[in-house]
Amino acid sequence: MKGLKNISLCLLLLLATQISFAQMNKVEKALELYAAKKLDSAKVLINEAIQTPESAKDYQAWMVRGFVYKDLYKGNEMSNVASPFRDSSAVSLIQSLQLDLESKNPQKANVTQSLKFIASTYHNDINKTLDTLAYKQAIINSDKHKAIMKLIDPAFDEKKYNYDVYSTIGSMFEKGYE
């Protein structure tokens, strides 16, 4: 009976190891699909992978997800000022940075550069929504830009940025009433 318990325990551990390995293979496969520009397939796989406990804590999985969503944004939603792909990319890349506590990611500079790109698109989209009806989206994009910049640039001057953005929005309303 004791031998049967040991065999069962060994089989259970072996199965758990294989499941963990299979999940990591999903991240690697998603990366291969990303490199091959098969972004929709990569998105499906990486979203499955990050649902597992192992990958949910893996900075590389979140990095791959961020890059996949960034390229989906660039290919499909660059004109969408409220792009879900861009938001998913930003969240994923930030998660990647936050999970890499020991700064082991050799791609950290690429993650940071991608976040700068995304932040710049949020900032640039402020101008696309400067009217009395869509100005709330300008404020949302401004807040997203600030959140990213505060994370990746310690010298980012939030007060100056707020002044510039709100002055621009205020000027837009002032012109509307002249």
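Residues numbered from 1 in each chain as written. Predicted model: local features only at pLDDT ≥ 70, side-chain atom pairs only at ≥ 80, totals over all residues. Heavy atoms only, no water.

J.: Please explain the packing of helix 6 (residues 108–128) against helix 7 (residues 135–152) as it appears in this structure.
T.: How two helices pack is summed up by the angle between their axes together with the distance between the axes. Put simply, helix 6 and helix 7 touch, their axes get as near as 8 Å, and they point 155° apart. It follows from the interaxial angle that helix 6 and helix 7 lie roughly antiparallel. Between helix 6 and helix 7 the crossing geometry is left-handed. For the pair formed by helix 6 and helix 7, the contact residues are Thr112, Leu115, Lys116, Ile118, Ala119, Ser120, Tyr122, His123, Asp125 and Ile126 on the first element and Ala138, Asn141, Ser142, Lys144, His145, Ile148, Met149 and Ile152 on the second. (Axes fitted to C-alpha atoms, helices over the stretch in contact; angles between N-to-C directions. Helix = DSSP H or I, 4+ residues; strand = E, 2+ residues; numbered from the N terminus. Parallel < 35°, antiparallel > 145°, perpendicular 65-115°, else oblique. Left-handed = near helix turned anticlockwise from the far one by under 90°. Contact = heavy atoms within 4.5 Å.)

J.: Explain the nonpolar core here, please?
T.: The tendency in soluble globular proteins is for nonpolar side chains to be buried side by side. Ranked by internal contacts, the top residues of the largest apolar core, which has 39 residues, are Ile46, Val111, Leu115 and Ile148. The set of elements that each furnish at least two residues to this core consists of helix 1 (2–35), helix 2 (39–49), helix 4 (59–77), helix 5 (84–99), helix 6, helix 7 and helix 8 (158–176). Broken down by element, this core gets its largest block of residues, nine residues, from helix 4. Other than its neighbours up to four places away in sequence, Ile148 contacts Ala90, Ile94, Leu115, Ile118, Ala119 and Tyr122. (Core = buried A, V, L, I, M, F, W, Y, C linked by side-chain atoms within 4.5 Å. Buried < 20%, exposed > 50% of the residue type's maximum accessible area, 1.4 Å probe, protein only.)

J.: Would you mind showing me how to read the environment of Ile148 here?
T.: Counting through the fold element by element, Ile148 comes out in helix 7. Separated by 55 residues in the primary sequence, Ile148 and Leu93 place their C-alpha atoms 9.9 Å from one another.

J.: How should I be thinking about unusual backbone geometry in this particular structure?
T.: Generally, phi is negative for residues other than glycine and the peptide bonds are trans, each holding for most cases. Phi is positive for Lys37, close to 65°, though the residue is something other than glycine. In this fold, Lys37 is placed in the loop between helix 1 and helix 2. At Ser103, a position not held by glycine, the phi torsion is positive, near 50°. The partly exposed category is assigned to Ser103, whose relative accessible area is 45%.

J.: What's the story with the side chain of Lys146 in this structure? I'm lost.
T.: With respect to the helices and strands, Lys146 occurs in helix 7. The exposure class assigned to Lys146 is buried, which follows from its relative accessible area of 8%. In this view, Lys146 contacts Phe156, Glu158, Tyr161 and Asn162; residues no more than four positions away in its chain are not counted.

J.: I would appreciate a short explanation of the pattern of salt bridges in the present structure.
T.: Side-chain pairs of opposite charge can arise whenever the charged atoms involved come near each other. Using the criterion set out here, one finds nine salt bridges in the structure. When the shortest N-O distance is used, the salt bridge between Glu48 and Lys26 registers 3.1 Å. Of this pair, Glu48 sits in helix 2 while Lys26 sits in helix 1; the two residues are 22 residues apart in sequence, bridging distant segments of the chain. Taking the relative accessible area as the measure of exposure, Glu48 reaches 36% and is therefore partly exposed. Since its relative accessible area comes to 25%, Lys26 is described here as partly exposed. Across the pair Lys160 and Asp164 runs a salt bridge whose closest N-O atoms are separated by 3.0 Å. Here Asp164 and Lys160 lie together in helix 8, a separation of four residues that amounts to about one turn. On the basis of relative accessible area, Asp164 is assigned to the partly exposed category, the value being 33%. Connected through salt bridges with shared partners, the residues Arg86, Asp125 and Lys128 form a single ionic network. (Salt bridge = Lys/Arg side-chain N within 4 Å of Asp/Glu carboxyl O.)

J.: Any chance you could explain helix 7 here in plain terms?
T.: Residues spaced three or four apart along an α-helix point in a common direction, a consequence of the helix completing one turn every 3.6 residues. Taking 1.5 Å of rise per residue, 18 residues should cover 26 Å, and helix 7 covers 26 Å from first to last C-alpha, within 8% of that figure. Within the sequence span of helix 7, burial applies to Gln137, Ala138, Asn141, Ser142, His145, Lys146, Ile148, Met149 and Ile152. (Expected span 1.5 Å × (residues − 1).)

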